[in-house]
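Observations on the model geometry
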Amino acid sequence: FSRKEVHSQIITIRMERGDDLVEIEHDDDAPEYSEKAYWDSRYEEDEVYDWYGEYDRSKEMKELIQSFGHRNSRVLVVGCGNSTLSELMHFDGYNDIVSIDFSDRVIDQMQQRAQDNGWDMKYQVMDVRDLKFEDSSFDYVIDKGTIDAIMCGKLNTDNAAKCCKEISRVLQQGGVFMCISYGDPPTRLDIFDYPEKYNWKTDIRTIHEEGGPGMHYVYIMTKFSKDK
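Residues numbered from 1 in each chain as written. Predicted model: local features only at pLDDT ≥ 70, side-chain atom pairs only at ≥ 80, totals over all residues. Heavy atoms only, no water.

Focus on the overall build of the protein chain
- What the protein chain contains, in helices and strands, is nine helices and nine strands.
- Out of the 228 residues belonging to the protein chain, those deemed buried represent 51%.
- Across the protein chain, every contact between residues at least 6 apart in sequence was considered, and the portion connecting residues at least 24 apart equals 69%.
- Within the structure as shown, the protein chain displays about 11,200 Å² of accessible surface, and the carbon and sulfur contribution to it stands at 44%. (Helix = DSSP H or I, 4+ residues; strand = E, 2+ residues; numbered from the N terminus. Buried < 20%, exposed > 50% of the residue type's maximum accessible area, 1.4 Å probe, protein only. Contact = heavy atoms within 4.5 Å. Areas by Shrake-Rupley, 256 points an atom, 1.4 Å probe, with all protein chains shown as cover.)

Section: the nonpolar core
- Formed by 35 residues in total, the largest nonpolar core has its most connected members in Ile 65, Val 75, Met 89 and Met 178.
- Broken down by element, this core gets its largest block of residues, four residues, from helix α5 (residues 104-117).
- The residues contacting Met 178, other than those within four sequence positions of it, are Leu 64, Ile 65, Phe 68, Tyr 140, Val 141, Ile 142, Asp 143, Val 218, Tyr 219 and Ile 220.
- Counting residues in each nonpolar core, the second largest holds 29 residues, with Val 128, Cys 179, Trp 200 and Tyr 217 among its members. (Core = buried A, V, L, I, M, F, W, Y, C linked by side-chain atoms within 4.5 Å.)

Topic: the packing of aromatic side chains
- Per the counting criterion, the structure on display carries 10 aromatic pairs.
- On the basis of an interplanar angle of 70 degrees and a centroid distance of 5.1 Å, the ring pair of Phe 91 and Trp 119 is categorised as edge-to-face. Taken together, the residues Phe 91 in helix α4 (residues 85-91) and Trp 119 in the loop between α5 and β5 (122-125) connect sequence positions 28 residues apart.
- Ring geometry for Tyr 198 and Trp 200: centres 5.1 Å apart, planes at 40 degrees, overall tilted.
- On the basis of relative accessibility, which here comes to 3%, the residue Tyr 198 falls in the buried class.
- Residue Trp 200 is classed as buried on the basis of its relative accessible area of 0%.
- Linked through ring pairs, Phe 177, Phe 192, Tyr 194, Tyr 198, Trp 200, Tyr 217 and Tyr 219 together constitute an aromatic cluster.
- The residue whose ring lies beneath Lys 197 is Tyr 194, and the NZ or CZ to ring-centre distance is 4.7 Å. (Phe/Tyr/Trp six-rings, centres within 6.5 Å; stacked < 30°, edge-to-face > 60°. Lys NZ or Arg CZ within 6 Å of the ring centre and 35° of its normal.)

Description of the confidence of the model for the protein chain
- With 83% of its residues at a pLDDT of at least 70, the protein chain reaches an overall mean of 84.
- Here residues 1-27 is modelled with pLDDT under 50, and outside its nearest four sequence neighbours on either side it reaches 64 contacts, counting other chains as well. (pLDDT = per-residue confidence, 0-100.)

A look at α5
- Taking 1.5 Å per residue, 14 residues should reach 20 Å; α5 reaches 20 Å between its end C-alpha atoms and fits that length.
- Turning to α5, its buried residues are Val 106, Ile 107, Met 110 and Ala 114. Along α5, the residues classed as buried sweep out an arc of 100 degrees about the axis, all on the same side. Those residues of α5 that are exposed and aimed more than 90 degrees away from the buried face are Gln 115 and Asp 116.
- In the core, the buried residues of α5 are packed alongside α4, β4 (97-101) and β5. (Expected span 1.5 Å × (residues − 1). Arc of directions from axis to C-beta.)

Quick look at the structure:
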């Protein structure tokens, strides 16, 4: 597929929910996954939930995440929602993690969850399209489903580009942005694979879907050690 061909096609996003798998065509009929109001409403019901598998239950995911980030890395988890990813990484020795989401409701919940359990965790209300951190603040940025949600909404490619620009800005030279996604390479390389724009190189791995026959694509963007 060329970049032009990818833009001309309808992209189907596969979102998993428990044992169900919902396919959503990228069109104006299904923008809710990219909208704050949808998530605020949803977080009234959910306690914790992990899209695309749990860190401790998916050996492939855990090993892949560990292989690109040292325990002393400063880690940013974007679109954290009520996932257990940050806390499980914290228990695994990653002690400098900042988790962000644009839903103040879920951030309040996760802050309270950490406080109730005596965990030293950092949760902040923030939109990945407009990060409030200084340049080169993080060694490692992880996204598990946020770009996929953005791609379900209006102005999806513009919003995904804003995310990439901001993530590249806050990454240290040599830092890694890992995106775990259902989107296959023809739909995601058109977002990530711009070394001249984001100053990174893009690699692709796959991991098996937890408890199922499918797979997730893992896009690994490594920021160049110096400007290209």
